[in-house]
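# Notes for the structure review
The lines below spell out each chain.
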Amino acid sequence: MQKHPLVKEILINKEQINKRAEELATTISAHYEKESPKNNTVIMIGLLKGCIPFMAKFLEYFTYNCETEYMVVSSYLGGTKAHGKPKINLDLNMSVEGEHILIVEDIIDSGVTLDYVKRYLLFKGAADVKIVTLLDKPEGRTAKLSPD
Ligand SMILES: O=P(O)(O)OC[C@H]1O[C@H](OP(=O)(O)OP(=O)(O)O)[C@H](O)[C@@H]1O
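These notes cover the structure that comes with them. The model shown is predicted, which means the values in this text are computed figures rather than measured ones.

Before going further, it helps to spend a moment on helix 2 (residues 52-61). Inspection of helix 2 places Phe 54, Met 55 and Phe 58 among the buried residues, and these make up the whole buried set. The buried residues of helix 2 occupy one face: seen down the axis, they fall within an arc of 95°. Seen from the buried face of helix 2, the exposed residues on the opposite side, beyond 90 degrees, are Pro 53 and Glu 60. Elements in contact with the buried residues of helix 2: helix 1 (14-35), strand 1 (42-48), strand 2 (66-74), strand 4 (100-108) and strand 5 (128-136).

End to end, helix 1 covers 31 Å across 22 residues, agreeing with the expected 32 Å (1.5 Å per residue, within 8%). When helix 1 is considered as a whole, its buried residues turn out to be Ala 21, Leu 24, Ala 25, Ile 28, Ser 29 and Tyr 32. Projected down its long axis, helix 1 carries its buried residues within an arc of 135°, all on one side. Along helix 1, exposed side chains directed more than 90 degrees from the buried face belong to Glu 15, Lys 19, Thr 27, Glu 33 and Lys 34. Buried residues along helix 1 sit against strand 1, helix 2, strand 4 and strand 5.

Our focus in this paragraph is the nonpolar core. If you look at the biggest cluster of nonpolar residues, it comprises 18 residues, and the most contacted ones within it are Ile 45, Leu 47, Met 71, Ile 101, Ile 103 and Leu 121. For this core, the secondary structure elements donating two or more residues are strand 1, strand 2, strand 4, helix 3 (112-123) and strand 5. When residues no more than four places from it in sequence are discounted, the contact partners of Ile 45 are Glu 69, Tyr 70, Met 71, Leu 92, Ile 101, Leu 102, Ile 103, Val 104 and Leu 121. Counting residues in each nonpolar core, the second largest holds 17 residues, with Ile 28, Val 42, Phe 62 and Val 132 among its members.

To continue, consider the environment of Leu 145. Take Leu 145: it is sitting in the segment after strand 5. For the pair Leu 145 and Thr 113, spaced 32 residues apart in sequence, the C-alpha to C-alpha distance is 9.9 Å. Contacts of Leu 145, omitting those with residues within four sequence positions, involve Ile 108, Gly 111, Leu 114, Asp 115, Lys 118 and Ile 131.

Scanning the model with the defined rule gives 8 salt bridges in all. Residue Glu 23 pairs with Arg 20 through a salt bridge whose shortest N-O separation is 2.9 Å. Of this pair, Glu 23 and Arg 20 both sit in helix 1, 3 residues apart, which is roughly one turn of the helix. Assessed through its relative accessible area of 34%, Glu 23 is described here as partly exposed. The partner of Arg 119 in a salt bridge is Asp 115, and the shortest N-O contact between them spans 3.3 Å. A residue pair is termed a helical-turn pair when its members lie 3 or 4 positions apart in one helix, as Arg 119 and Asp 115 do in helix 3 at 4 residues.

About the thresholds
Position labels on residues start from 1 in each chain and follow its written sequence. Reporting in this predicted model follows two pLDDT cut-offs: at least 70 for local features of residues, and 80 or more for side-chain atom pairs to be given and counted; totals over whole chains, interfaces and linings ignore these cut-offs and use all residues. In computing side-chain values, all of the structure's heavy atoms are included and hydrogens and water are not. Buried residues are those whose accessible area, probed at 1.4 Å on protein chains only, stays under 20% of the maximum for their type, while exposed residues exceed 50% and partly exposed ones sit between those limits. Put simply, DSSP H or I for four residues or longer makes a helix, DSSP E for two residues or longer makes a strand, and each gets a number counted from the N terminus. It is the directions from the helix axis to the C-beta atoms whose arc is reported. In what follows, residue pairs with any heavy atoms lying within 4.5 Å of each other are defined as contacts. Helix span, expected: 1.5 Å multiplied by one less than the number of residues in the helix. Nonpolar core, defined: a set of buried Ala, Val, Leu, Ile, Met, Phe, Trp, Tyr and Cys residues in which side-chain atoms within 4.5 Å join the residues together. What makes a salt bridge here is a side-chain nitrogen of Lys or Arg within 4 Å of a carboxyl oxygen of Asp or Glu, nothing more.

As structure tokens, this is what we get:
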């Protein structure tokens, strides 16, 4: 496969990512079969823009009934260092009251973005907020947050 000129080395290949997406989607679908969320539906929220490739793959294998929604939350403004409090640039267009929510992320580093979004959704009345991420960098963590 041809590499983008800015990519020095591929650390995790496409097959590994696909396999992990399938494992996670299978395990999490089974979890919701036991949980019985409101209206038997999970509200899956992707955090744009980074979630897209992983979420597309994850959805291929996710078998539980779900509605997909998206939020845009910026912390990095195109750089690699967070600039303080995350900012919601695109909010949900629905009530999350009593809903079971699954946030889909590409990576958790400091955990600040997810901690903020999770607290926001709980404040808005979500019954349950879980997080799935493709990549986790616990060594970068400053917020008290772990993916589920
Ligand atoms: O755990 P944290 O240190 O908060 O970092 C994780 C966040 O940073 C990235 O998003 P970014 O703000 O770069 O936006 P993007 O999804 O548009 O790339 C990533 O997609 C997460 O949302």
